[in-house]
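Each chain is listed here by its residues.
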Amino acid sequence: MRIVAGIAAGGAIALGMPGSAHATAVGATPVRTFEYSVGGMTVKVPTGCMFTHAIKGSGRRITYQNAGVDCAFVAALSSGFCNWRIDFTYSDTNNKVYRTSRGVTHSECKIDPMRNNSPQTLPRYGKACAHLYVSGVRRVSQCHHVTK
């Protein structure tokens, strides 16, 4: 599967600078139009939604992490995302996933699904990603590099 990496303004923003510096990264990736079935009905998610992933911390320590969808225009009038969940994954510098924080699957439909993840210290540098699943299918991902 292809991971789409959104980069915040100015290129990749690394978590953790030498000394006691703190870093913040926010990136957004467009949610492509797609259709899925819920209870025999076809639901279409139109263009106009962005999947945003924010992360704060220092070094390998993540103090705050959040991901969610914001929709505008026609997309904001749709029924939203049903049977959704947001997962966070962490991979090393070789792109090998070593930890997954799987979110709860929500059966209700929401136009603005969102999830926070708890603070943690990563065992390795690499990449932190957020993934939106709708009816069990990964629809969009957004990642940040976590480097020295």
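Residues numbered from 1 in each chain as written. Predicted model: local features only at pLDDT ≥ 70, side-chain atom pairs only at ≥ 80, totals over all residues. Heavy atoms only, no water.

**Re the state of the cysteines**
- Scanning the model with the defined rule gives three disulfides in all.
- Each disulfide pairs two cysteine sulfurs, and for C49 the partner residue is C71, the sulfurs being separated by 2.0 Å. Between C49 and C71 the disulfide shows an S-S torsion of about 105°. By sign, it is right-handed. In this pair, C49 is assigned in strand β4 (residues 49-58) and C71 in strand β5 (residues 61-71), connecting sequence segments 22 residues apart. In this structure, C49 and C71 share a single accessibility class: buried. (Disulfide = S-S within 2.5 Å. Helix = DSSP H or I, 4+ residues; strand = E, 2+ residues; numbered from the N terminus. Buried < 20%, exposed > 50% of the residue type's maximum accessible area, 1.4 Å probe, protein only.)

**Details of the nonpolar core**
- The biggest cluster of nonpolar side chains holds 26 residues, and the ones touching the most others in it are F51, F81 and L132.
- Contributing elements (two or more residues each) for this core: β1 (23-31), β2 (34-38), β3 (41-45), β4, β5, β6 (84-92), β10 (126-134) and β11 (137-146).
- Filtering out sequence-adjacent residues up to four positions away, L132 remains in contact with F51, V69, F81, W84, R85, I86, P113, V137, R138, R139 and V140. (Core = buried A, V, L, I, M, F, W, Y, C linked by side-chain atoms within 4.5 Å. Contact = heavy atoms within 4.5 Å.)

**Regarding the pattern of salt bridges**
- Counted according to the given criterion, the structure contains one salt bridge.
- Linking R85 and D87 is a salt bridge whose minimum nitrogen-to-oxygen distance equals 3.0 Å. Here R85 and D87 have matching classes, each one buried. (Salt bridge = Lys/Arg side-chain N within 4 Å of Asp/Glu carboxyl O.)

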